[in-house]
Every structure is written in structure tokens, then in C-alpha cells.
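Each chain, letter by letter, is given below.
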Amino acid sequence: MDSIGVLRDATKLREVIDCANADGDPDKEKAKLARLLQEQESQASVDLKGLGLWHGALDHVGIIQVPVDETMERFVLMFAELQTEERSVGEKLRSLEDESSAIEAEIRASRLAGDVPTEKDLVSSRAARDEAWESLRSDWRGGGAYDPAGCEGFNRSMGEADEVADRLRRESDRVAEQATLMGRKLRVDDLLRRAKDATESIRARISAAQQEWEQAWEPAGITPRTPAEMRGWAQKHARLTKAAHEISSTHESLRAVDELIATRREELLLVLQELGESEPPSGSALSPVLRRARAILESVDAERRRREQRTEILDDLRQKLPCPVPRISPSSVPRNAPGPGRGMTA
């Protein structure tokens, strides 16, 4: 700086530097935000690939219309209850099928020892006997001739009825066993039919619940897995949505810092240009411009202090000289002007 020139006014420069100092270190903040953004985007990219079922950009993940938590929990409980019921009905059905097969095996084994007459067989044979007898009696009452074939038929049917009755008495145990087996078979078959009906009913309810569940995901354009699996998926989606918002917020913060840096840099460069500094530092960072501005401010302040010291020296000399000395502007006094202790006696 020329020592005899006009002292530059650094008031505006000082104000701009004070504003920049109040902002902290925007360049450092920018670098910090850039690192954070890179970490956030890298982790979000990994999480997005691991989400599955949906393939889109991260900034669109928040627009997916995922069923609310209450809906999710309702379906989780509904499917859990249906599955428990289906499992119970299935176990009962298999047990009845096994029991039915076992009874059929017992019936087959009993029949291998020979068929045994039943009460139905006895009733049927007695009915045939009575019918033959009524036929003969009707003929006799009508004055019909003796019918050897009819008598033979009656005798045969009577013998068969007696045989069935005798066998029932002789094989009463086997008759009772087969009757018991048939009764059990009828009972189990009835339970089996009901179990099959219950199975069809629970399957229909599961199908209806599945359809309702898929409809709940239609707005999202996703074919859902089970409610329990989709609850985990929804939690991942919520974390991704939060990450997308955080990334957006970091972008906004980064843009704000960039704007602040550009504004402060422009203000500093404008003031420096007014002070005669026409060659700005290269790049877009604020720190180099701020360092130059601080250096110039320190230079101006140092020159101001030197000029104040010269003024004090001149004022002191004027008081000590016997003759009045015209006041000299501090700017006209050379830097090497003599003073106390520098070639001039008091």
C-alpha cells in the first residue's frame, strides 16, 4: 500500500467480513453435508434393492400407498386365526380318515371269517316266508287245487327264515361285533362328512380373506405376500421413506449452504473490487476469498494504525518546538520521518 496515498475505507469490507464470520465455516459445512449425502444415498440404494416387490426410484418410494398399520395388524390376526382353524380342521379330518380306514379294515377282517346274518336279513327272510304262506292260504280258501311248487316254496322260505334265526343265535357275538363296527363306521362317516364340509368352508374363507388382502395392496401396485411378511416389508418401506425425506433435507441444506457461499463470495468480491482488488481467487469456495479479504482488512488496519502513530509523533513535536509548526497531514509524512529516539532530540 502506498504510504502517501489516500487511506482506503474498509468499513463496508469489515461489515461483510463480520457477516461471513457469523456464518461459521460454510465450506466446511458443505463438505460435511456432501459426505453425509453420499453415505445416505449409498445406504438407501442398498436398502432399496433389498426391499423387493417394488422397483422404482428412491424419490418415488414415499408415494406408495401402503395399508395403514391398523389394517396390517387386522389381516395378520385374521390370517393367523384362519390358519390355526385350518390346521385344527385338517388334523381332525386326517384323524377321522385314519379311523374310518381302520374300521373298514376290521369289517373286512370280520367278513373273511364268513358273512353273518343281520336283523335285516332275518326280517327279509321272514317276510318271504309269510308271503309264501299267504299265497298258499289264499289258494286253499279259493278252492284251488293242491300246488306242490307253492308248498315247496313255502317250505324253503320257512327253512331259510329258521336258518337265519338259528345263525343269529349261534353267531350272536359276531353279529354284535359287525353291528358295532357298522355303527361306528356310520358315525365316523358322518363326522368325516362334517369335517370335509368344515375344510371346504375354511378354505373358502381363506380365499375370500386373500382376495381382500390383495385388494388392500392394489393402490400400491404390489402383489402382496402373507400379512406377516408384508408387515416386515412395510417396516422396511417406512425406513426407506424416512431415508428419502432425510436425503431430500440434506439436499436442501446443501443448496442453502451453496447459496450462502455464493452470496458471501459475491459480496466480498464486490467490496474487494471497490477497494481495487480486481483479481478474485479461482474456484467457487468462500475460504480463499475470505482469507484475502481478511488480509486486506488487516493491511488497511495496519496502515491506519501507522498513520495514527505519525499523527501522534507530529503533535508531540509541535508542542516541543519553540516556533509554531504548520500542521502537516499524516499522509505527507514519510515512513522514515525522524521522531523521538530516531535522530531528533527532545
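Along each chain, residue indices are assigned from 1 in the same order as the chain's sequence is written. Reporting in this predicted model follows two pLDDT cut-offs: at least 70 for local features of residues, and 80 or more for side-chain atom pairs to be given and counted; totals over whole chains, interfaces and linings ignore these cut-offs and use all residues. To obtain the side-chain values, all non-hydrogen atoms of the structure were used and water was disregarded.

Chemist: Where do I start with the overall build of the protein chain in this structure?
Modeler: Put simply, DSSP marks the helices as runs of H or I at least four residues long and the strands as runs of E at least two long, and each gets a number from the N terminus on. The secondary structure content of the protein chain amounts to eight helices and zero strands. Mapped in sequence order, the helices and strands of the protein chain form the string α-α-α-α-α-α-α-α. For the protein chain, the residues scored as buried account for 29% of the 346 residues in total. Contact between two residues is taken to exist if any of their heavy atoms lie within 4.5 Å; hydrogens are not considered. In the protein chain, once contacts between residues fewer than 6 apart in sequence are set aside, the share between residues at least 24 apart is 76%. Method for areas: the Shrake-Rupley scheme with a 1.4 Å probe, in which residue coverage is limited to the protein chains shown. Carbon and sulfur atoms provide 52% of the accessible area of the protein chain, an area that totals close to 22,400 Å². Only protein chains enter the accessibility calculation, which uses a 1.4 Å probe. A residue is then buried if its area is under 20% of the maximum for its type, exposed if over 50%, and partly exposed in between.

Chemist: Could you clarify how one ought to interpret the nonpolar core in this entry?
Modeler: Generally speaking, soluble globular proteins have nonpolar side chains that are buried together. Ranked by internal contacts, the top residues of the largest apolar core, which has 44 residues, are Leu13, Trp54, Trp217, Ile222 and Leu268. Elements with a minimum of two residues in this core: helix H1 (11-22), helix H2 (26-51), helix H3 (69-112), helix H6 (172-216), helix H7 (227-274) and helix H8 (287-320). The element best represented in this core is H7, accounting for 12 residues. Setting aside residues no more than four positions away along its own chain, Leu268 makes contact with Leu13, Val16, Ile17, Leu286, Val289, Leu290 and Ala293. Think of a nonpolar core as a cluster: buried Ala, Val, Leu, Ile, Met, Phe, Trp, Tyr and Cys residues, connected wherever their side-chain atoms sit within 4.5 Å.

Chemist: I tried to follow the pattern of salt bridges on my own but got confused; where do I start?
Modeler: A side chain of one charge can pair with a side chain of the opposite charge when the charged atoms of the two come close. Salt bridges are defined by distance alone: a side-chain nitrogen of Lys or Arg within 4 Å of a carboxyl oxygen of Asp or Glu. Under the counting rule described, the total for this entry stands at 24 salt bridges. Here Glu106 and Arg184 are joined by a salt bridge, their closest N and O atoms 3.8 Å apart. With Glu106 in helix H3 and Arg184 in helix H6, this pair connects stretches of sequence that are 78 residues apart. Linked by salt bridges that have partners in common, Arg14, Asp301, Arg304 and Glu308 make up one network.

Chemist: Explain unusual backbone geometry here, please?
Modeler: Excluding glycine, residues mostly carry a negative phi; peptide bonds, for their part, are mostly trans. Residue Leu53 is not a glycine yet carries a positive backbone phi of 70°. Tracing the backbone shows Leu53 in the loop between H2 and H3. With relative accessibility at 28%, the residue Leu53 sits in the partly exposed group.

Chemist: Looking at this structure, how should I read the packing of H7 against H8?
Modeler: Packed helix pairs are specified by the crossing angle of their axes together with the interaxial distance, meaning the distance between the axes. All axes are obtained by fitting lines to C-alpha atoms, using only the stretch in contact for helices, and the reported angles, taken between N-to-C directions, cover 0 to 180 degrees. Where H7 meets H8, the axes come as close as 10 Å, and the angle between the chain directions of the two elements is 35°. When you trace H7 past H8, the crossing you get is left-handed. From H7, Arg265, Leu268, Leu269 and Leu272 reach across to H8, where they touch Val289, Leu290, Arg292, Ala293 and Ile296. Think of it as three bins: nonpolar holds Ala, Val, Leu, Ile, Met, Phe, Trp, Tyr, Cys and Pro, charged holds Asp, Glu, Lys and Arg, and polar takes everything else, Gly as well. A breakdown of the residues in the contact of H7 with H8 according to their chemical character gives seven nonpolar, no polar and two charged. Whether a crossing is left-handed or right-handed is set by the direction in which the near helix is turned from the far one by less than a right angle, anticlockwise for left-handed and clockwise for right-handed.

Chemist: Would you mind showing me how to read the side chain of Lys185 here?
Modeler: Mapping Lys185 onto the fold places it in helix H6. Classification of Lys185 as buried rests on a relative accessible area of 13%. Beyond its immediate sequence surroundings of up to four residues, Lys185 is in contact with Ser100, Ile103, Glu104 and Ile107.

Chemist: Quick question: what am I supposed to make of the packing of H1 against H7 here?
Modeler: Between H1 and H7, whose axes approach to 10 Å, the crossing angle comes to 160°. By the angle between their directions, the pair H1 and H7 is classed as roughly antiparallel. Once H1 is placed against H7, the crossing between them reads as left-handed. Along the contact surface, H1 presents Lys12, Leu13, Val16, Ile17, Cys19 and Ala20, while H7 presents Arg264, Glu267, Leu268, Val271, Leu272 and Glu274. Split by residue class, the contact of H1 with H7 holds eight nonpolar, no polar and four charged. Every angle not falling under 35 degrees, over 145, or within 65 to 115 is termed oblique; those three ranges are roughly parallel, roughly antiparallel and roughly perpendicular.

Chemist: Hey, could you run me through the packing of aromatic side chains in this one?
Modeler: Ring geometry is summarised as follows: Phe, Tyr and Trp rings, the Trp one being its six-membered ring, pair when their centres sit within 6.5 Å, and such pairs are stacked at plane angles under 30 degrees, edge-to-face over 60 and tilted between the two. Across all of its chains, the model carries four aromatic pairs by this definition. Consider the rings of Phe75 and Phe79, whose centres lie 6.5 Å apart with planes at 45°: the pair is tilted. Here Phe75 and its partner Phe79 are both found in helix H3, four residues apart, which amounts to about one turn of the helix. With respect to class, Phe75 is no different from Phe79; both count as buried. Note on Phe75 and Trp213: the rings are 5.0 Å apart at their centroids and 55° apart in plane angle, and the pair reads as tilted.

Chemist: Mind showing me how you'd approach the confidence of the model for the protein chain here?
Modeler: Regions with low pLDDT carry predicted coordinates that are not meant to be interpreted in detail. Of the residues in the protein chain, 86% reach a pLDDT of 70 or more, and the chain-wide mean stands at 83. For every residue, the pLDDT score states the predictor's confidence, bounded by 0 at the bottom and 100 at the top. Of all secondary-structure elements in the protein chain, the lowest mean pLDDT belongs to helix H5 (residues 148-170), at 75, while H2 reaches the highest, 93. Low confidence marks residues 337-346, where pLDDT is under 50. Its contacts with residues over four positions away, or in another chain, come to 12 contacts.

Chemist: In this structure, what is going on with the environment of Thr11? I would like to understand it.
Modeler: Inspection of the secondary structure assignment puts Thr11 in helix H1. A residue is classified by how much of its surface remains accessible, and Thr11, at 44% relative accessible area, is partly exposed. Separated by 286 residues in sequence, Thr11 and Leu297 have C-alpha atoms that sit 9.2 Å apart.

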